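Single-letter residue listing:
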Amino acid sequence: MGDDQIENNTEIKGAIKVASKIVDYLSSGLYESPASCLKELVNNAYDADANRVEIFIKPDADRIIISDNGTGLTPKEFVRHFSLISESHKRDESESTESGRPKIGKIGIGFIAANEICNVMEIHSTKQGSSELLIVSINFDKMRLDVSDRIDEDKKITKADYEGRVEEAPETDHYTIVFLKGIKDSVKEILASPNLSSPEIREGSLKAITLYGKSCESVEKVLQGTSIRSWDDFDLYSESILQVALNIPVSYHKNWLPIPYKQLVKKFVADTKKLNFSVSIDGIELRKPIVFSPGETPAFVSQFSYKGEYVSANGYFYAQNRAIKPQNLNGILIRIRNVAIGTYDPTFLDFPSTIGSLYKKWISAEVWASDGLENAMNIDRKTLRVAQAEYVELQEAIHKHLKGVIKRVGEEIYQKGRVERKHVNATKAIEDLHKLSEIKSTTFDRSAAKKLITAWDKVDSSKVETLILKKYSVTEVYEAVIGVAEEVLTPGQARRFIEALTKRLSE
Amino acid sequence: MMPRQIDEAMFEDRHEKISMRKIWAKVAERESLEHNIPEEPLFLTLSGAEGRDIEELIQQGIISTEENLAISEEDKDKVVAVENSFTAVLRLQKKFPGLKIYEHDYKNLVRGPGPLRWPDSEEEKRYCRAKVINLDLNEPLKPIDNGGNTEFPILQIVEKFCRLHEQDPKIDWSLCLTLHGEIIWAPDVSSSISKFLIENFKDDDFRNACTTFLGDSLSQSIYDLADLASLSNEDQQKILMVFVPKKLSHMHHNKGWKLEVEKNLRYGGHDSFAPMVTWIIKFKWDSRASSTPDLVYRESLNSILDQAGKINSSGILDC
């Protein structure tokens, strides 16, 4: 019997352990876009109780600065936090920050996000009451090596090297400034928008909508524009800004929702405002890029509230009488601790596709879930584990609510819309007839008549020719129109129409 | 990091500085008319954390901004700030989002004063070829001894900017140079500078212009090889106003450049405001320099003291 064989009838037992490689693997390649990395760094600033974060990318994204006025780090805290990832002490003492914000970070891998976009991260940080200014440079070159070259005797894996120094700072200062240097070319291509004067832009082969340089009000106006089908219509720089803004706990735009519906969402607006957290990128003040513009068409807001065994949640479902534009806002967005988990899910957590498939495109929902849902959140912070009890419970509640919303859409929006559309069509028909009635009689020339006859091949051509070439009196047109009106309009509309037409012709 | 003296000085915003910024903006405006290589910047500046000269360019409409005051996309390559303090970088970037900042010491841009090392990235070479280079320095003219020769690193750095501008396509450019007006030279350096000036006084026109500008007493101090560092603030400023442009003309006349000294000014030296000297020098590529360098040199010399003068404490120019 070989060494690797176990004798029959031998009992086996042991513990299944996780190798460091798993943690290394899990903490690599987590972030799919520069925006994902940036929002991790912004959320770190939020957890440091910052109320102001300023990010600088332009003009050419060859280095990025993220500056916040949060509590800052002492050299000792830096070493404690960053020496061993996944043993983060972020929530050791409290689930909330000193100012009472629920902490977003959990296992402390957010800072690794930076390695996806740059080779060097330089941190300058000082804490109020401390005269120490920490200046440390983290080099991610190590991460690009094979894991076998990074593993030490304790089976711990090096993700990056750091070196730094301590300088003097005024004790009143408190901030963290992160410089991302050695930005990867692929990231620069995304974050440095194309030159607007380039011929490609002028010819329209490159996307031209940019948010660069815009005031908050102008950004809101751009987002209200019905011509924007999706965020793909923006340059990649602006799209990245929108992605960051959607995720982080910033306020809403002033007119993000038409006034009649604002009352129903005021709690969420107030809660977000209370966080007192503002972020700018290159001077562009970020707001949640959720702006609805239903125009004249009917819409409604339905409040959602759920308290279950594992999870509770609150939110709103907004519905309008046409597809949600930009389409990035169609679906449901789940937030935990004020931060979005991924993006809008247009399937509404796998709602059956056979129910209300058209109406679902008219709905946009935002739901704030309780901490319980964190158990279902994957390490990437953008997806949820669908078999987890918390997820299943919330999914069921959301689906139940969505069914009701879809029903309301059918009854209140679609039907109402149908009547309104009919009314609009009838009004237009009346206007057209008014115009027509002003022409006393009309004739067709012979060639036009021939064309009509050729197209109208199912009737006796000689008869049609005679009819078309005939000169019609106003009375004859009047009778013909009334006949059509009685056929296509409801009795009430036809009556009103005939009355109006008759009155007009009598005049 | 503690606040730097230079930033505090910039923040104080004295009348003399306001006047100088207006002059720099005029130079930039004029140069912008000849600025026909858009990839190369119009204005390279050691702006300090406050970026007051950039602010002036914006106010004068030379650099355009977007509605949130970020540098406009069209003008993003027009201005480059050189700044190596992280707090100053941050402050500048907050004030002017979208501003291009070269985050090193300005000496690093040309790889120091020595002739062996040069900028290697295309981007750095482009910055060095700006139409206007504003070296607003908070330091005196420091000499170094190189094997018995007295050299001035800042002037060597200017020379390197010249070498980079003379690469094809050649670019005529303007230097705005500001230095402390104090002379900190050791007696032997002071003596060698005086000898250099005496040697050049053999040119009658130059000697007469200098004597008129310096006055008999100060001229005599030069002939006496007096310790220039012991002169009054005003006299030290005047010595620098003669020496620096003279030295630059001397360094460049046989390399193809004709220098036109458009402004040669002194200010400060009162109310705890350090004495300062400042120049606007136009470097024009002159094809005659290869065949008749002396002629070009003489023409350069003639302009040295033409626009010499001072800015008074109210910011008014007296030339």
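Residues numbered from 1 in each chain as written. Chains lettered and ligands numbered in written order. Predicted model: local features only at pLDDT ≥ 70, side-chain atom pairs only at ≥ 80, totals over all residues.

## Topic: the overall build of chain B
Step number 1: Along its length, chain B carries 12 helices and 11 strands.
Step number 2: A compact globule built from 319 residues should have a C-alpha radius of gyration of about 20 Å, and chain B, at 19 Å, falls within 12% of that.
Step number 3: For chain B, the C-alpha atoms occupy an extent of roughly 60 × 50 × 35 Å along the three principal directions.
Step number 4: Per-residue burial for chain B yields a buried fraction of 45% across its 319 residues.
Step number 5: Relative to all contacts within chain B whose residues are 6 or more apart in sequence, the contacts with residues 24 or more apart total 72%. (Helix = DSSP H or I, 4+ residues; strand = E, 2+ residues; numbered from the N terminus. Rg over C-alpha atoms; globule rule 2.2 N^0.38 Å. Buried ≥ 20, exposed ≤ 12 C-beta atoms within 10 Å, placed from the backbone. Contact = placed C-beta atoms within 7 Å.)

## What about the overall build of chain A?
Step number 1: The secondary structure content of chain A amounts to 15 helices and 13 strands.
Step number 2: Expressed as a percentage of its 507 residues, the buried residues of chain A come to 36%.
Step number 3: A sequence separation of at least 24 residues applies to 71% of the contacts in chain A between residues at least 6 apart.

## Concerning the interface of chain B and chain A
Step number 1: The interface is formed by 19 residues belonging to chain B together with 23 residues belonging to chain A.
Step number 2: Per-element tally for the side of chain B that touches chain A: the top contributor is helix α4 (residues 86-95) of chain B, with 4 residues.
Step number 3: In the side of chain B that touches chain A, the residues fall into 8 nonpolar, 4 polar and 7 charged. (Nonpolar A, V, L, I, M, F, W, Y, C, P; charged D, E, K, R; others polar.)

## Quick notes on the packing of helix α2 (residues 15-33) of chain B against helix α3 (residues 52-59) of chain B
All names here are of chain B.
Step number 1: Closest axis-to-axis distance for the α2/α3 pair is 9 Å, and the angle between their directions is 55 degrees. In terms of their interaxial angle, α2 and α3 are classed as oblique. Two packed elements cross with a definite hand, and for α2 against α3 that hand is right-handed. Between α2 and α3, the residues in contact are Arg 21, Lys 22, Trp 24, Ala 25 and Ala 28 and Arg 52, Asp 53, Glu 56 and Leu 57, respectively.
Step number 2: Of the residues assigned to the contact of α2 with α3, the class counts are 4 nonpolar, no polar and 5 charged. (Axes fitted to C-alpha atoms, helices over the stretch in contact; angles between N-to-C directions. Parallel < 35°, antiparallel > 145°, perpendicular 65-115°, else oblique. Left-handed = near helix turned anticlockwise from the far one by under 90°.)

## As for the packing of helix α2 (residues 34-47) of chain A against helix α7 (residues 236-247) of chain A
Residues and elements named next belong to chain A.
Step number 1: Between α2 and α7, whose axes approach to 9 Å, the crossing angle comes to 40 degrees. Judged by the inter-axis angle, α2 sits oblique to α7. Handedness of the crossing formed by α2 with α7: right-handed. Contacts from Pro 34, Ala 35, Leu 38, Lys 39 and Val 42 of α2 reach α7 at Ser 240, Gln 243, Val 244 and Asn 247.
Step number 2: Of the residues belonging to the contact of α2 with α7, the class tally is 5 nonpolar, 3 polar and 1 charged.

## What to know about the sheet that holds strand β8 (residues 257-267) of chain B
Backbone hydrogen bonds are what pair the strands of a sheet, in a parallel or an antiparallel way.
Residue and element names in this part refer to chain B.
Step number 1: The sheet built from 9 strands is open, its strands ordered β3-β2-β1-β4-β7-β9-β8-β10-β11 with mixed pairing. Each edge of the sheet is formed by a strand with only one pairing partner; in this case those strands are β3 (100-102) and β11 (317-318).
Step number 2: Two elements, strand β1 (residues 43-45) and strand β2 (residues 79-82), share 3 bridges in a ladder whose sense is parallel. Looking across to β2, one finds that Leu 44 is bridged to Val 80. (Pairing = 2+ DSSP bridges.)

## A few points about the sheet that holds strand β13 (residues 363-369) of chain A
All names here are of chain A.
Step number 1: Sheet architecture is open: 5 strands sit in the order β9-β10-β13-β11-β12, paired in mixed fashion. What marks the edges here is a single partner per strand, and that holds for β9 (299-307) and β12 (339-340).
Step number 2: Relative to β12, strand β11 (residues 331-336) is paired through 2 bridges, and the arrangement is antiparallel. Within β12, the position partnered with Arg 335 by the bridge is Ala 340.

## Considerations on the pairing of strand β5 (residues 161-168) of chain A
All names here are of chain A.
Step number 1: Counted residue by residue, β5 has 0 buried out of 8 residues, so it is predominantly exposed.
Step number 2: In the sheet, strand β4 (residues 132-139) pairs with β5 via 8 bridges, with the strands oriented antiparallel. Bridging across to β5, Ser 137 finds its partner in Glu 163.

## A look at the environment of Tyr 310 of chain A
Step number 1: Inspection of the secondary structure puts Tyr 310 of chain A in the loop between β9 and β10 (312-320).
Step number 2: Residue contacts for Tyr 310 of chain A: discarding those within four places in its chain leaves Gly 372, Ala 389, Glu 390 and Glu 393 of chain A.

## Considerations on the domain arrangement of chain A
All names here are of chain A.
Step number 1: Once the domains are mapped, chain A shows domain 1 (26-189), domain 2 (193-287), domain 3 (294-424) and domain 4 (425-506).
Step number 2: Just the C-alpha atoms count here: the centres of domain 2 and domain 3 sit 21 Å apart.
Step number 3: At the junction of the two partners, domain 2 supplies 15 residues and domain 3 supplies 13 residues.
Step number 4: Along the lines of polarity and charge, the residues of the side of domain 2 that touches domain 3 split into 11 nonpolar, 3 polar and 1 charged. (Domains from an automatic or database assignment.)

## Quick notes on α2 of chain B
Step number 1: Its 19 residues place the ends of α2 of chain B 28 Å apart at the C-alpha level, agreeing with the 27 Å of an ideal helix rising 1.5 Å per residue.
Step number 2: For α2 of chain B, the complete set of buried residues consists of Glu 16, Lys 17, Met 20, Arg 21, Trp 24, Ala 25, Val 27, Ala 28 and Glu 31 of chain B. (Expected span 1.5 Å × (residues − 1).)

## Here we look at unusual backbone geometry
Step number 1: The step from Lys 58 of chain A to Pro 59 of chain A runs through a cis peptide bond, and the omega angle for that step is 10 degrees.
Step number 2: When you line up the elements, Pro 59 of chain A lands in the loop between β1 (52-56) and β2 (63-68).
Step number 3: Following Asp 168 of chain B, the chain continues into Pro 169 of chain B via a peptide bond in cis, with omega recorded as -10 degrees.
Step number 4: Checked against the element boundaries, Pro 169 of chain B lands in the loop between α7 (153-165) and β7 (173-180).
Step number 5: Positioned with a positive phi, Arg 337 of chain A is a non-glycine residue whose angle comes to about 50 degrees.
Step number 6: Inspection of the secondary structure assignment puts Arg 337 of chain A in the loop between β11 and β12.
Step number 7: Backbone geometry at Asp 350 of chain A places phi at a positive 60 degrees, although glycine is not the residue there.
Step number 8: Mapping Asp 350 of chain A onto the fold places it in the loop between β12 and α10 (357-360).

## Description of α7 of chain B
Step number 1: With 13 residues, α7 of chain B extends 18 Å from end C-alpha to end C-alpha; this agrees with the ideal 18 Å at 1.5 Å per step.
Step number 2: Turning to α7 of chain B, its buried residues are Ile 157, Val 158, Lys 160, Phe 161, Cys 162, Leu 164 and His 165 of chain B.

## Re the pairing of strand β3 (residues 118-126) of chain A
Residue and element names in this part refer to chain A.
Step number 1: Burial analysis of β3 places 7 of its 9 residues in the buried class, which makes it a mostly covered element.
Step number 2: With 8 bridges joining them, β3 and strand β6 (residues 175-183) adopt antiparallel strand pairing. Within β6, the residue paired with Met 121 across the bridge is Leu 180.
Step number 3: As judged from the 7 bridges shared by β3 and β4, these two strands associate in the antiparallel manner. Bridge pairing links Glu 122 to Ser 137 in β4.

## Describing the confidence of the model for chain B
Do not read the fine detail of predicted coordinates wherever pLDDT is low.
Step number 1: On average, residues of chain B score 92 in pLDDT, and 96% of them reach the 70 mark or higher.
Step number 2: Interface confidence for the predicted complex, expressed as ipTM, amounts to 0.89; the pTM equals 0.82. (pLDDT = per-residue confidence, 0-100.)

## Describing the environment of Gln 493 of chain A
All names here are of chain A.
Step number 1: Summarising the element assignment, Gln 493 is placed in helix α15 (residues 491-506).
Step number 2: Of the residues examined, Gln 493 has 18 C-beta atoms within 10 Å and is grouped as partly exposed.
Step number 3: Counting along the chain gives 66 residues from Gln 493 to Thr 427, while the straight-line C-alpha distance between them is 9.6 Å.

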